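So you can see what is in the structure, the chains are spelled out below.
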Amino acid sequence: MNSSRSTVLWPLLALAALLAFNAAASPGFFQLEWKDGRLFGTLVDIFNQGARVPMLLALGMTLVIATGGVDLSVGSLMAVSGAVAATQVNAGAPVAQAVAAGLLLATALGLVNGLLIARAGLQPIIATLVMMVAGRGLAMLLTGSQMVPFQNRSLTWLANGSLAGLPVPVFIVLILAGITGWALRHSAAGLFIEATGDNEQASRLAGIRTGGVRIAVYAFSGFCAGLSGVLEASNISAADPARIGDTRELDAIFAVVAGGTALTGGRFSLAGSVAGALLLQTLTLTLYNQNVPPAVAPVPKALVILAVCLLHSPRLGARFSRRPQPAAA
Amino acid sequence: MSELLQLDGIVKCFGAFTALKGVSFQLRAGEIHALMGENGAGKSTLIKVLTGVHQADGGTMAVAGRSIRPANPRDAESAGISTVYQEVNLLPNLSLAENILMGRQPMRGPFIRHAEGKRRARAALARLGLEADVTAPLGSFPVAVQQMTAIARALDQQARVLILDEPTSSLDAKEVEELFTVMRRLRSEGMGIVFISHFLDQIYAVSDRITILRDGSGVGTWEAAALSRLALVSHMIGKEAPGLAGPTVRAEAGGTEAIRVEFLARRGTVGPLSFSVMAGEATGLAGLLGSGRTETARMLFGIDPATSGAVMAGGKALALHSPRAAMAAGFAFCSEDRKAEGILPSLSVRENIVLALQASRGALRRVPRAGQDALAVRFIKALNIRTRGPDTPIGMLSGGNQQKCLLARWMAVQPRLLILDEPTRGVDVGAKAEIELLCAELRRAGMSILFISAELEEVVRNCSRVVVLRDRQQAAVLDGPAITLQTIMETVAAA
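Throughout this description, residue numbers start from 1 for each chain and increase along the sequence as written. Whichever chain is written first becomes A and whichever ligand is written first becomes 1, with later ones labelled in order. With the structure being a predicted model, the display of local features is reserved for residues of pLDDT at least 70 and the display and counting of side-chain atom pairs for 80 or more, all residues being used for whole-chain, interface and lining totals.

Caption draft 1: Broad picture of the overall build of chain B. Elements are defined by DSSP. Helices are runs of H or I of four residues or more, strands are runs of E of two residues or more, and each kind is numbered from the N terminus. What chain B contains, in helices and strands, is 17 helices and 22 strands. Restricting the calculation to C-alpha atoms gives the radius of gyration, and the globule rule supplies 2.2 Å times the number of residues raised to the power 0.38. In terms of overall size, chain B behaves like a compact globule, its C-alpha atoms giving a radius of gyration of 24 Å where 495 residues would be expected to give roughly 23 Å. With the C-alpha coordinates aligned to their principal axes, the bounding extent of chain B is approximately 75 × 50 × 50 Å. Looking at chain B as a whole, 48% of its 495 residues qualify as buried. Restricting the contact set of chain B to residue pairs at least 6 apart, pairs at least 24 apart contribute 68%. Burial in this document is a count-based property: other C-beta atoms within 10 Å of a residue's C-beta are tallied, and the residue is buried at 20 or more, exposed at 12 or fewer, or partly exposed in between, with C-beta positions derived from the backbone. Note on contacts: residues are paired as contacts if their backbone-placed C-beta atoms lie within 7 Å.

Caption draft 2: Seen up close, the overall build of chain A. Summing up its helical and strand segments, chain A has 14 helices and 6 strands in all. Taking 20 Å as the expected radius of gyration for a compact globule of 329 residues, we find that chain A reaches 20 Å, a close match to that expectation. Dimensions of chain A, computed from C-alpha atoms along their principal axes, come out at roughly 65 × 50 × 35 Å. For chain A, the residues scored as buried account for 52% of the 329 residues in total. Considering only intrachain contacts with a sequence separation of at least 6, the fraction spanning at least 24 residues in chain A is 78%.

Caption draft 3: Representation of the interface of chain B and chain A. Listed as interface residues are 39 residues of chain B and, on the opposing side, 29 residues of chain A. Looking at the side of chain B that touches chain A, the elements with two or more residues in it are β2 (17-28), α1 (43-50), α10 (323-328), α11 (338-341) and α12 (349-361) of chain B. Residue contributions to the side of chain B that touches chain A peak at 6 residues, all from α12 of chain B.

Caption draft 4: The pairing of β2 of chain B, seen in detail. For two strands to count as paired, DSSP must find a minimum of two bridges between them. Looking at chain direction, strand β1 (residues 3-14) of chain B and β2 of chain B are connected through 9 bridges and run antiparallel. From the neighbouring strand, glutamine 6 of chain B faces β2 of chain B, where its bridge partner is glutamine 26 of chain B.

Caption draft 5: Main features of the sheet that holds strand β18 (residues 331-334) of chain B. Residues and elements named next belong to chain B. Taken together, the 6 strands give an open sheet; going across it, the order is β18-β19-β20-β15-β21-β22, and neighbouring strands pair in mixed fashion. In the strand order of this sheet, the two ends are held by β18 and β22 (473-479), each with one partner. For this sheet the average axis-to-axis angle between neighbouring strands, irrespective of direction, equals 20 degrees. Note that strand β19 (residues 417-421) and strand β20 (residues 448-452) share 5 bridges and pair parallel. Paired with leucine 418 across the strands is isoleucine 449, a residue of β20. Against the sheet, helix α15 (residues 429-444) contacts β15 (282-286), β19 and β20, and its axis sits at roughly 150 degrees relative to β20. Most of the contacts of helix α17 (residues 485-493) go to strand β21 (residues 465-470), to which it runs at about 25 degrees, and overall it touches β15, β21 and β22. For helices, the axis comes from a line fit to the C-alpha atoms of the stretch in contact; other axes are also lines fit to C-alpha atoms, and the angle between any two N-to-C directions lies between 0 and 180 degrees.

Caption draft 6: Focus on the domain arrangement of chain B. Residue and element names in this part refer to chain B. Note: domain ranges come from an automatic or database domain assignment. Here chain B is described as being made up of domain 1 (3-237) and domain 2 (257-493). The distance between the C-alpha centroids of domain 1 and domain 2 comes to 33 Å. Facing 9 residues of domain 1, the contacting portion of domain 2 comprises 12 residues. Asp, Glu, Lys and Arg are counted as charged, while Ala, Val, Leu, Ile, Met, Phe, Trp, Tyr, Cys and Pro are counted as nonpolar; the rest, among them Gly, fall into the polar class. Of the residues in the side of domain 1 that touches domain 2, the class split is 3 nonpolar, 4 polar and 2 charged.

Caption draft 7: Looking closely at the pairing of strand β14 (residues 270-278) of chain B. All names here are of chain B. As defined by bridge partners, strand β13 (residues 257-266) adjoins β14 across 6 bridges and the pair is classed as antiparallel. From the neighbouring strand, leucine 264 faces β14, where its bridge partner is leucine 273. Connecting β13 to the next strand, β14, in antiparallel fashion are 3 residues, including glycine 268 with a positive phi near 75 degrees.

Caption draft 8: Just the packing of helix α4 (residues 114-127) of chain B against helix α5 (residues 143-156) of chain B, in detail. Residues and elements named next belong to chain B. At a closest axis distance of 9 Å, the pairing of α4 and α5 adopts a crossing angle of 110 degrees. In this view, α4 runs roughly perpendicular relative to α5, as classed from their interaxial angle. Judged by the sense of rotation from one axis to the other, the crossing of α4 with α5 is right-handed. Taking contact as the criterion, the partners of Arg120, Ala124, Leu125 and Arg127 in α4 are, on α5, Met148, Ala152, Leu155 and Asp156. Tallied by class, the residues present in the contact of α4 with α5 amount to 5 nonpolar, no polar and 3 charged. What sets the label is the angle itself: under 35 degrees gives roughly parallel, over 145 gives roughly antiparallel, 65 to 115 gives roughly perpendicular, and the rest give oblique. Whether a crossing is left-handed or right-handed is set by the direction in which the near helix is turned from the far one by less than a right angle, anticlockwise for left-handed and clockwise for right-handed.

Caption draft 9: Geometry of the sheet that holds strand β17 (residues 316-317) of chain B. Residue and element names in this part refer to chain B. Strand order in the open sheet formed by 4 strands is β14-β13-β16-β17, with antiparallel pairing between adjacent strands. The two strands at the open ends of the sheet, each matched to only one other strand, are β14 and β17. Pairing geometry for strand β16 (residues 308-313) and β17, over 2 bridges, is antiparallel. Its bridge partner being in β17, methionine 312 is matched across the sheet by alanine 317. Helix-sheet contacts for helix α9 (residues 293-300) involve β13, β14 and β16, and the interaxial angle to β14 is about 70 degrees.

In structure tokens, the structure reads:
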């Protein structure tokens, strides 16, 4: 939460470098166009697509990683909530109810992750791996392994509509990120999460309900995944149980790590994760614009991520900035 | 006299902080040389420079006249400098022989010559007067044997300089004596030994010379016989020792009862125990290592809850089934294991201090930032915590200052009973005295303290009532004038 400047600095620097490259390589990159009462352009696409998946997932993933855990199930939970929302709408349920049902189920499954980890004592990577497999299966079960198209203008509007000229998902994520950041700063929840990740045993002996903290962050991560899944389904007016969220958990982990939150837990930075997600999305679109075949795109993507992670590495960082190291004397 | 190890003007900086400001140190062959200093004086840093963990930013080092500049621990070992750390850092699942020879196993082509390895391991242990099954895993032996194994490893490396960094902190009295015998034997064989310990008795029992560091500089080197204890302590802290030279700060017995423990026991662990804790007094828990001191503390704080008996306060039984419940009952517990159960290393001093208070208020009633700052600043000043500021990560502080932060954490919740398990372990003499004075102040303010310490002198100095434990049972409760070293030791030793 104490987002030290250098944490957000590296992903933002990488982002700036990438934008500079685009300014030189593709002239239309920064072009914005006002049409039918809304903005169009590559920058808008980056924000829109970045908001829909990586940023949303990264919000939940940041808190999970801050407790020293990881959530591999978010991609599958996206598929589950998308499937629930689509089938509910097709069954004639009001949109609000359909969306709420999707979010509720994803949150509940996140809660199950938390219970398995905090109460049954499973390793986070195992518990959420099980949920990753089971969640995908559940999505298949709900849809009969078929793509579920729907025709519902309200639900489609969530991902495709615009407010004040900007895509709706951008507002959804900004509001959720704002509320989350505000709530963590104005309650002690942020401190409890960081304390749990830094030294769970000591935190428990200081009176923190570390089990409750862990359950809460996995439930929150499930909620974020659920919201992201609804938006993905809304985007193409169909829930595709096999493809929604596929391998997107890795994007979320990348965004969080690039944003400077260590996988070992402890200090976290929501702003850093959001910046990391933006970086990831910009990179994806840049490669697309440069006509890099989608099958090859992961390679340059991986290289940029590696570069940002190396910049965060304390060992390399010490060479650049001679930051004081802990002096155990 | 030949200088085996010669350090001149060693400088080491961490960022803007200078940990060593030109330290010089000489070690002769065939001497035991104690290195003394408060926490933060630069002992550990000096050792780490010497063993290649850190690289010096200035100054020179030489072993037997040959200049060295170790870039890593391996360099230092091949220059003949070996270190045995406080926490034995060997591999518990490997055998003694493998631990002793790790990285230097005798080979024939690509194959390890196991028989030759075992012979060499046995020979190294024999030099220490120890016979043991070298094929058994290290972890199956007591800590003392593990420590000997670490020393045997140094011998097998043909070490000429042996650094013992607080080797006695987890040994009992008999094992310490055995270690000293080994140290004296190695000294007579011409080895130079650097000895670090917080126990003054041990320093004087084996050391030939003593070098004192303070604030990253060398204060001086003395023959041990020519340096009185009081002089040693005042050199270390740079002033007259408070509390040590003065009268004891014990309160008189006879206050009101704050808490009564009735037949409290945990099946298979400790008890039954029955004693009273008076308001504004310190009750001591004394006994040998393994007598159930820490187990009692953990039982009272609800970490390993009691299975029978009761704890009464004001005529009502307290629920102590979890740490949170114990906190709600007004208990606080400072663990002996600062690293694993105390500090949150990457969080700030402020956050570490406010943690328990915040936890007892719950997540929704956050202590406002201004209040947190005020709290941290108040305790930093009151407890004389040496930190660059309230927002420095606590992991960067020295052990004694970390301990004071943990005391502050629990003082902030104003408990009625403060359980202190080895509050002065691994803490230098100056901080020890400060912590004892602090306890006295808390008692005057009406707080009750359960004081656990392996150092009986400390128990005698601080407590107006002592519960003596023996074999996880209550052996006796001593009161007021009955509390002397003699009576406690007699009770502990009684058959």
